[in-house]
Amino acid sequence: MGTSHESAGKTLFEKIWESHVVAREPERPAVLYVDLHLIHEVTSPQAFAGLEKRGLKVRRPDRTVATMDHSTPTLRRADGSLPIVDEQSAAQLEKLRANCEAFGIELFALGDPRNGIVHVVGPEQGLTQPGMTIVCGDSHTSTHGAFGALAFGIGTSQVEHVLASQCLLQRRPKTFRVTLDGQLAAGVTAKDLVLALIARIGTGGATGHVLEYAGSAIRDLDMEGRMTVCNMSIEAGAKAGLIAPDEKTFAWLEGRPRAPKGEAWAAAVERWRQLPSDEGAVFDRELAIDASALEPRLTWGTNPGMGVGIGEAVPDPSSVGDAQEKAALEKALRYMELAPGKPLLGQKIDVVFIGSCTNSRMSDLRDAARIFEGRKVPAGMRALVVPGSHEVKKQAEAEGLDRIFREAGAEWREPGCSMCIAMNGDQLSPGQYAVSTSNRNFEGRQGKGGRTFLASPPTAAAAAVTGRITDPRTLLG
Amino acid sequence: MEPFEKLESRVVPLVADNVDTDQIIPARFLKVTDKEGLGERLFADWRYEADGSPKPDFVLNQPRHQGAQVLLAGANFGSGSSREHAPWALVDWGFKAIVARSFADIFQGNALKNGLLPIPVDAEAHAALAAALEADPAATVSIDVAAQTLTLPGGEVVEFPLDPFSKHCLLQGVDELGYLLGFEDAIAAHEARRA
Ligand code: SF4
């Protein structure tokens, strides 16, 4: 639209935004059309209740898809049953089923072969496509940005708005391009890239902005790695994360159940090729990071920005001048019960969790299996591997990865959010230390009193087979 | 929603940075299918002992803070999960406004949708309010939504940003869905164009 950016070309974000603005009144947020609305059991019940109260229908059930993931059980009993841990979870899942039935919404229910974590199944089914606007009542909706879709998390009131009107009121965010050039070293993954970015700019570093990830390190990532990067955008405070679609994107999507077919496919690809930011397009902010200099990373504290390279020491608050920052470091170290100024290598670990919408896809599981293979989880240590979807589980089993995990002594679970959010009974006990491939290390996130180190699948696997924080590069032979 | 024009209230200080929604309302309390009663779970892990008894030194448990309708927080308040349970829990406890150095995006939007006013202030005003509360925990602030001002205990008047649409919704007590539904024709036209 008529801004100074016009002559300089448009960014990917601007192209998607402008083609989805339905209306805009002066001094009011834009009315933005939503192409795909994903829902799950935790953030939808009050939205459906709101619709019922007003006597409204779901405007486009055909653009709405539901899955069950947050509070679903992952532990199958010996008798083959998969019991739901508590009555409240069961009630919430039943509520979603009843709402989907009443409003005519397709549901990937527990047991459905398409079931899994919402941000894993959307792309997997080909529902997620370049150029779309996608929302979900879940902050990690930014994951879908890996396909060049403008995707972001919304609250329950907005879930209600989208159900009723297929639109949202949105203020136009700013744009922020992060260019990551250089080749990643062996044992360094997409997760390390994004953890490095968050540590660099902080958890509020991209507030109010849509991040676009560019550069050779991003182009070189496979689609699953790109999803990992976009997934964590929200942990830098960004509204969304975007990666321009390219041949890899199209190849990954082609033939998926909901992807366009035949002539429609060719036409879609033609359209999608127009999406990448134009040469000379202007971003509100820019940052460049040398990806070749990165090493595997870990968080040591209680937000995803509190991270270090695996060989580095935990910060020492006594060397920090700013009083507030110092207090924050001290608080985090106290919660984590870590000594300031000491390296994390060698830190004893109780639990390893490999899973979540950040790192539960095939390439993640393959990376982890490479380290588990031929090794054992030490006695007293617990390792959980939780695939992101039934589809992933099936494929991993076809490749024999489940056998590698089991033989190493890790638990191979049913798909779901599991210990990422600890709503389903999979959780840490107070005081336990975990290396986790999920996205949040907040106090109590993985169970009250639990302490989380966020890391990549190889780093988590290395901790699982040694019982300590270990540089995965020492185990890759 | 009730219209929100003016408010005079005592203030609960909770001046930590990056207070995330997992602290505001831990995930295990998200299994409800309605909004009522979440105030009891507000800051649950900071507020209660393992046996469920209240921790006497936590601010929300102190008798002098009961009935206060304004929270003083640090920077980047409400980061983390998009759960709207966080503003529901704050509203259910009785808060009507939060003064902070800054807010996480999603939280800020969710708060406004529930009639909870986020008031971002600069470091100076923030420090002045924190100091005033330290000196007199019963000190009050007043908020004028129409004028977009926060009056500190010492009488200093601080302006705060509030987008015109949210301001309109707060003052009138109306919500966004009604506004959105008014665009039915434009929405249908957009769908026809892109079908
Ligand atoms: S895996 Fe974790 S972050 Fe992802 S959708 Fe589930 S709870 Fe949210």
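Residues numbered from 1 in each chain as written. Chains lettered and ligands numbered in written order. Predicted model: local features only at pLDDT ≥ 70, side-chain atom pairs only at ≥ 80, totals over all residues. Heavy atoms only, no water.

### As for the overall build of chain A
Condition: Each helix corresponds to a stretch of at least 4 residues labelled H or I by DSSP, and each strand to a stretch of at least 2 residues labelled E; elements are numbered beginning at the N terminus. It is over C-alpha atoms that the radius of gyration is taken, and the globule rule equals 2.2 Å times the number of residues to the power 0.38. When accessible area is computed with a 1.4 Å probe and restricted to protein chains, residues below 20% of their type maximum are described as buried, those above 50% as exposed, and intermediate ones as partly exposed. Note on contacts: a residue pair qualifies if any of its non-hydrogen atoms lie within 4.5 Å across the two residues. The protein chains shown are the only cover counted for residues, whose accessible areas, like all others here, come from Shrake-Rupley with a 1.4 Å probe. Under the convention used here, Asp and Glu are negative, Lys and Arg are positive, and both His and the chain ends fall outside the count. Charge positions are represented by NZ for Lys, CZ for Arg, CG for Asp and CD for Glu.
Tallying secondary structure elements over chain A gives 15 helices and 19 strands in all. Taken over C-alpha atoms, the radius of gyration comes to 22 Å for chain A, in line with the 23 Å a tight globule of 477 residues would show. For the C-alpha atoms alone, the extent of chain A along its principal axes is close to 60 × 55 × 45 Å. Put simply, chain A has 477 residues, and 64% of those count as buried. Relative to all contacts within chain A whose residues are 6 or more apart in sequence, the contacts with residues 24 or more apart total 75%. Summed over its atoms, the accessible surface of chain A is roughly 16,300 Å², and 49% of this surface lies on carbon and sulfur atoms. Taking the average location of the 54 positive side-chain charges in chain A and that of its 58 negative ones, the two points are 3 Å from each other.

### Thoughts on the interface of chain A and chain B
What counts here: Defined here as a combined quantity, buried area equals the accessible surface (1.4 Å probe) lost by two parts on assembly, summed across both. Just to be clear on terms, a salt bridge is a Lys or Arg side-chain nitrogen sitting within 4 Å of an Asp or Glu carboxyl oxygen. For this analysis, a polar contact is any N or O atom pair within 3.5 Å, provided that within protein one partner can donate a hydrogen and the other can accept it, and provided that sequence-adjacent residues contribute only side-chain to side-chain pairs.
With 57 residues of chain A in contact, the opposing surface of chain B contributes 52 residues. Regarding the contact of chain A and chain B, the summed buried area is about 4,700 Å², with carbon and sulfur atoms giving 54% of it. We note a salt bridge from Arg 59 of chain A to Glu 184 of chain B, for which the minimum N-O separation is 2.5 Å. The interface formed by chain A and chain B holds 25 residue pairs in polar contact (both at pLDDT 80 or more) in total.

### Remarks on the pattern of salt bridges
For the structure on display, the rule yields 42 salt bridges over all chains. The salt bridge partner of Glu 106 of chain A is Arg 258 of chain A, with a shortest N-O separation of 2.5 Å. You can see Glu 106 of chain A sitting in strand 5 (residues 106–108) and its partner Arg 258 of chain A sitting in the loop between helix 9 (247–253) and helix 10 (262–272), a full 152 residues away along the chain. Residue Asp 471 of chain A pairs with Arg 473 of chain A through a salt bridge whose shortest N-O separation is 2.8 Å. On the basis of relative accessibility, which here comes to 31%, the residue Arg 473 of chain A falls in the partly exposed class. Salt bridges sharing partners connect three or more residues here, namely Arg 59, Arg 60 and Asp 62 of chain A together with Glu 184 and Glu 191 of chain B.

### Notes on the sheet that holds strand 6 (residues 149–151) of chain B
All names here are of chain B. Which entries qualify depends on this criterion: Only strands joined by at least two bridges in the DSSP assignment are considered to pair. The axes used here are C-alpha line fits, helices contributing only the stretch in contact, and every angle between their N-to-C directions lies in the interval 0 to 180 degrees.
Reading across from one edge, 4-3-2-1-5-6-7 is the order of the 7 strands in this open sheet, with mixed pairing throughout. The sheet terminates laterally at strand 4 (117–120) and strand 7 (157–159), the two strands that pair on one side only. Recorded for the sheet is a direction-independent mean angle of 25° between the axes of neighbouring strands.

### Considerations on the site of the ligand
Residues and elements named next belong to chain A. Rules: Here a residue is near a molecule or strand as soon as one of its heavy atoms is found within 4 Å of it. Points on a 1 Å grid, built from protein atoms alone, make a cavity when a 1.4 Å probe fits but cannot get out and make a pocket when they are open with protein on both sides within 12 Å along at least 5 of 7 lines; residues with an atom within 4 Å of a point are the lining residues. Assignment to a cavity or pocket requires that more than half of a molecule's atoms be within 2 Å of the site's grid points. The residue classification treats Ala, Val, Leu, Ile, Met, Phe, Trp, Tyr, Cys and Pro as nonpolar and Asp, Glu, Lys and Arg as charged. All others, Gly included, are polar.
Every residue close to the ligand is listed here: His 70, Ile 117, His 119, Asp 138, His 140, Ser 356, Cys 357, Cys 417, Cys 420, Ile 421, Asn 439 and Arg 445. In this structure, the ligand is accommodated by the largest cavity. Its residues placed into classes, the shell around the ligand shows 5 nonpolar, 5 polar and 2 charged.

### Description of the pairing of strand 5 (residues 140–144) of chain B
Residues and elements named next belong to chain B. Note that strand 1 (residues 6–13) and strand 5 share 5 bridges and pair antiparallel. Pairing of Leu 7 across the sheet is with Ile 143, part of strand 5. Across 3 bridges, the pairing between strand 5 and strand 6 is antiparallel. Looking at the pairing, Asp 144 lines up with Thr 149 of strand 6. Hairpin connection of strand 5 to strand 6: 4 residues between the antiparallel strands, including Gln 148 at a positive phi of 55°.

### Observations regarding the packing of aromatic side chains
Residues and elements named next belong to chain A. Heads up, the condition is: Two aromatic rings from Phe, Tyr or Trp, using only the six-membered ring of Trp, form a pair when their centres are within 6.5 Å; if the ring planes differ by under 30 degrees the pair is stacked, by over 60 it is edge-to-face, and anything between is tilted.
All chains considered together, the criterion is met by 17 aromatic pairs over all chains. With a centroid separation of 5.8 Å and 10° between ring planes, the pair formed by Tyr 433 and Phe 453 is classed as stacked. Of this pair, Tyr 433 sits in strand 18 (residues 433–436) while Phe 453 is found in strand 19 (residues 451–454), placing the two residues 20 residues apart along the sequence. On the basis of relative accessibility, which here comes to 10%, the residue Tyr 433 falls in the buried class.

### A look at the environment of Ser 139 of chain A
Within the secondary structure layout, Ser 139 of chain A lies in the loop between strand 6 (133–136) and strand 7 (150–153). As for Ser 139 of chain A and Asn 231 of chain A, which are separated by 92 residues in sequence, their C-alpha atoms are 8.8 Å apart. Here Ser 139 of chain A is in contact with Gly 153, Ile 234 and Arg 440 of chain A together with Gly 80, Ser 81, Ser 82 and Ile 106 of chain B, once residues within four sequence places are set aside.

### Section: the pairing of strand 3 (residues 97–100) of chain B
Sheet faces and side chains relate simply in a regular strand, where the side chains alternate between the two faces. All names here are of chain B. To keep things clear, this is the line we draw: Whether a crossover is right-handed depends on one test, that the path from the first strand over the helix to the second runs clockwise when the strands point away from the viewer.
Neither face of strand 3 is exposed, since Ala 97 and Val 99 on one face and Ile 98 and Ala 100 on the opposite face are all buried. One ladder, built from 3 bridges, connects strand 2 (residues 70–72) with strand 3; its direction is parallel. Its bridge partner lying in strand 3, Leu 71 is registered against Ile 98. Handedness of the crossover joining strand 2 and strand 3 through helix 3 (residues 85–93) is recorded here as right-handed. Summarising the sheet, strand 3 and strand 4 pair through 4 bridges and their orientation is parallel. Residue pairing in the sheet places Ala 97 in a bridge with Leu 117 of strand 4. After leaving strand 3, the chain enters helix 4 (residues 105–113) and then returns to the sheet as strand 4, a path that is right-handed.

### Some points on helix 10 of chain A
All names here are of chain A. The criterion, for reference: The arc in question is the one spanned by the directions pointing from the helix axis to the C-beta atoms.
Looking at helix 10, one finds that the buried residues are Trp 265, Ala 268, Val 269 and Trp 272. The buried residues of helix 10 all sit within an arc of 100° when viewed along its axis, so they share a single face. When the buried face of helix 10 is taken as reference, the exposed residues oriented beyond 90 degrees from it are Glu 263 and Arg 271. Each element contacted by the buried residues of helix 10 is listed here: helix 9.

### Brief notes about the confidence of the model for chain A
Put simply, the test is: Looking at any residue, its pLDDT shows the predictor's confidence there, from 0 to 100.
Looking at chain A, pLDDT values average 95 and 99% of them are 70 or higher. Here residues 1–5 of chain A scores under 50 on pLDDT; set against residues more than four positions off or in separate chains, the count is 8 contacts.

### With respect to a negative patch on the surface
All names here are of chain B. For clarity, the cut-off: Residues enter patches when they are more than 30% accessible in relative terms and free of salt bridges; like-charged ones are connected within 9 Å and nonpolar ones (Val, Leu, Ile, Met, Phe, Trp, Tyr) within 5 Å.
There is a patch of like negative charges on the surface, built from Asp 34, Glu 36, Glu 40 and Asp 92. Its location among the elements puts Asp 34 in the loop between helix 1 (21–24) and helix 2 (44–47). On the basis of relative accessibility, which here comes to 41%, the residue Asp 34 falls in the partly exposed class.

### Some words on empty space enclosed by the protein
Which parts of space are left empty comes out when a probe the size of a water molecule is rolled across the atoms. Short version of the rule: Grid points are joined across faces, edges and corners, and a volume is the space filled by probe spheres set on the points.
Inspection of the entire model under this criterion finds 3 cavities of 30 Å³ or more. The calculated volume of the largest cavity comes to roughly 220 Å³. Around the largest cavity sit 23 residues that line it, and His 70, Asp 138, His 140, Ile 421 and Arg 445 of chain A are the ones nearest its centre. Taken as a whole, the second largest cavity encloses approximately 150 Å³ of empty space. Looking at the second largest cavity, it is lined by 16 residues, and the ones nearest its centre are Ile 234 and Gly 237 of chain A together with Ser 79, Gly 80 and Ala 104 of chain B. Of the residues assigned to the lining of the second largest cavity, the class counts are 6 nonpolar, 7 polar and 3 charged.

### What to know about the environment of Asn 61 of chain B
All names here are of chain B. With respect to the helices, strands and loops of the structure, Asn 61 is situated in the loop between helix 2 and strand 2. Taking C-alpha positions, Asn 61 is 9.1 Å from Tyr 48, a pair spaced 13 residues apart along the chain. Ignoring sequence-local partners within four residues, the contact set of Asn 61 consists of Arg 47, Pro 54, Lys 55, Pro 56 and Gln 66. Among the polar contacts listed, one links the side chain of Asn 61 to the backbone oxygen of Arg 47, at a separation of 2.9 Å.

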